[in-house]
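Fold and geometry: a report
Each chain is listed here by its residues.
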Amino acid sequence: MSRFKWISVSALIFTIILGFSTEAMAATAIAGKVAYGLAAQYEDDEGIVDHPAVIAATGFESPQWAADAFDYSRDLPQGYEHTTDPAIVLRGGGSLQIQQTEGTHQPSEFHPAIPDSDTVHVRWYRRYEAGYDWTQHKMPGVYAKESSAQNGTAGIPPTGCDKYSCKLYVDDNARPAFYSYHPDQEGPYGDGFRQNVGTPVVLETERWYCFEMMLKSNTPGQRDGELKMWIDGVLKGHVEGLEFRTCETLKINEFTHSAYVGGNWVSERDQK
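Conventions used here
- Residues numbered from 1 in each chain as written.
- Predicted model: local features only at pLDDT ≥ 70, side-chain atom pairs only at ≥ 80, totals over all residues.
- Heavy atoms only, no water.
- Salt bridge = Lys/Arg side-chain N within 4 Å of Asp/Glu carboxyl O.
- Helix = DSSP H or I, 4+ residues; strand = E, 2+ residues; numbered from the N terminus.
- Buried < 20%, exposed > 50% of the residue type's maximum accessible area, 1.4 Å probe, protein only.
- Disulfide = S-S within 2.5 Å.
- pLDDT = per-residue confidence, 0-100.
- Contact = heavy atoms within 4.5 Å.
- Pairing = 2+ DSSP bridges.
- Axes fitted to C-alpha atoms, helices over the stretch in contact; angles between N-to-C directions.
- Patch = residues over 30% accessible without salt bridge, like charges linked within 9 Å, V, L, I, M, F, W, Y side chains within 5 Å.
- Areas by Shrake-Rupley, 256 points an atom, 1.4 Å probe, with all protein chains shown as cover.
- Lys, Arg positive; Asp, Glu negative; His and termini not counted.
- Charge placed at Lys NZ, Arg CZ, Asp CG, Glu CD.

**Remarks on the pattern of salt bridges**
Taken as a whole and judged by the stated rule, the model has 11 salt bridges. Salt-bridge contacts for Glu-254 lead to Lys-145; the nearest nitrogen and oxygen are separated by 3.4 Å. Taken together, the positions of Glu-254 in strand E15 (residues 252-256) and Lys-145 in strand E8 (residues 137-145) put the pair 109 residues apart, joining distant regions of the chain. For Glu-254, a relative accessible area of 15% corresponds to the buried category. By relative accessible area, Lys-145 is classed as buried at 11%. Between Asp-171 and Arg-194 there is a salt bridge, and its shortest N-O distance comes to 2.8 Å. Taken together, the residues Asp-171 in the loop between strand E9 (163-170) and strand E10 (176-181) and Arg-194 in strand E11 (residues 191-194) connect sequence positions 23 residues apart. Overall, Asp-171 belongs to the buried group, its relative accessible area being 7%.

Have a look at this one:
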């Protein structure tokens, strides 16, 4: 059985996991949906951190959730707030509330280290407030970085031995998509890959969604890298034939949490 990691993050729940086939990992915890895969063993994700495949998980019960889940000791970016307001908590006693600030890119991302891996799943739950303006913004994902590759290397294509990455992003039409840096990208910035399975999901405000993204690294010398995206447990994006690396030692080693409004865009309003 292949070994890989799964990170599940939520603007209310995180989990990082290894072991299980790719197809077995996707699952939904949205009421009324059929759950499958590893998460189906844990109603409302309760106790999922105890599974031997899980690297890290958090339900944002504590203001120190990043330190508890990832041993992350730095300050979180401006705009990240722990809240216990029951009106915006999916379940349990806490939630991560993310403030985007009008006219800025804020909040910036943060990048906890995770164990080296060739395949990673990231799963999280997120909800957007009433009146949310769908300016392009990033969501969680993963990075592979050679030790000399630092943050802040946007606009520089990967070489095959220094870095690769993928996170989800939401375009200004409220449609989630992939955003990936890889050596064959078309320009200096990462490639966007849109939903290509079934009818594209267009996000609504004041509604919880379960997102999951998988990055499967290629075997060096082969174009067998892969990206998958599930929304509420339904496969909505699948990209195959990617070459993320030429050096086998370049492993996925960072998780990124993001609500960053990047590129030439800024937030059009103060919003959460």
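**Thoughts on the state of the cysteines**
Here the structure, examined in full by the defined rule, presents 1 disulfide. Cys-161 shares a disulfide with Cys-247; S-S distance 1.7 Å. Every disulfide takes its handedness from the sign of the S-S torsion; for Cys-161 and Cys-247 that torsion is 70°, giving right-handed. Residue Cys-161 is found in the loop between E8 and E9, and its partner Cys-247 is found in the loop between strand E14 (234-242) and E15; the two are separated by 86 residues along the sequence. Overall, Cys-161 belongs to the partly exposed group, its relative accessible area being 29%. The class of Cys-247 is partly exposed, set by a relative accessible area of 24%.

**Some points on the confidence of the model for the protein chain**
Per-residue pLDDT for the protein chain has a mean of 86; in total, 85% of the residues score no lower than 70. Note that pLDDT drops below 50 for residues 1-14; the model gives that stretch 104 contacts with residues more than four away or on any other chain. Contacts of residues 16-32 to residues separated by more than four positions or lying in other chains number 83 contacts, the stretch itself having pLDDT below 50.

**Topic: the sheet that holds E10**
The 6 strands are arranged E6-E15-E8-E9-E10-E11 in an open sheet whose pairing can be described as antiparallel. Edge positions in the open sheet fall to strand E6 (113-117) and E11, since each of these has one partner strand only. The average undirected angle you get between the axes of adjacent strands in this sheet is 25°. In this sheet, E9 lies alongside E8 in antiparallel orientation, the contact comprising 7 bridges. Bridge pairing in E9 places Ala-144 opposite Tyr-164.

**Here's the deal with unusual backbone geometry**
Residues Gln-106 and Pro-107 are joined by a peptide bond in cis, for which omega reads 5°. Of note, Asp-71 is a non-glycine position whose phi angle comes to about 55°, a positive value. Structurally, Asp-71 is set in the loop between helix H2 (65-70) and strand E4 (80-83). Under the relative-accessibility criterion, Asp-71 is labelled exposed at 68%.

**Notes on a negative patch on the surface**
A cluster of acidic residues, Glu-43, Asp-44, Glu-46 and Glu-61, forms a negative patch at the surface. Looking at the element boundaries, Glu-46 is found in the loop between helix H1 (22-25) and strand E3 (54-58).

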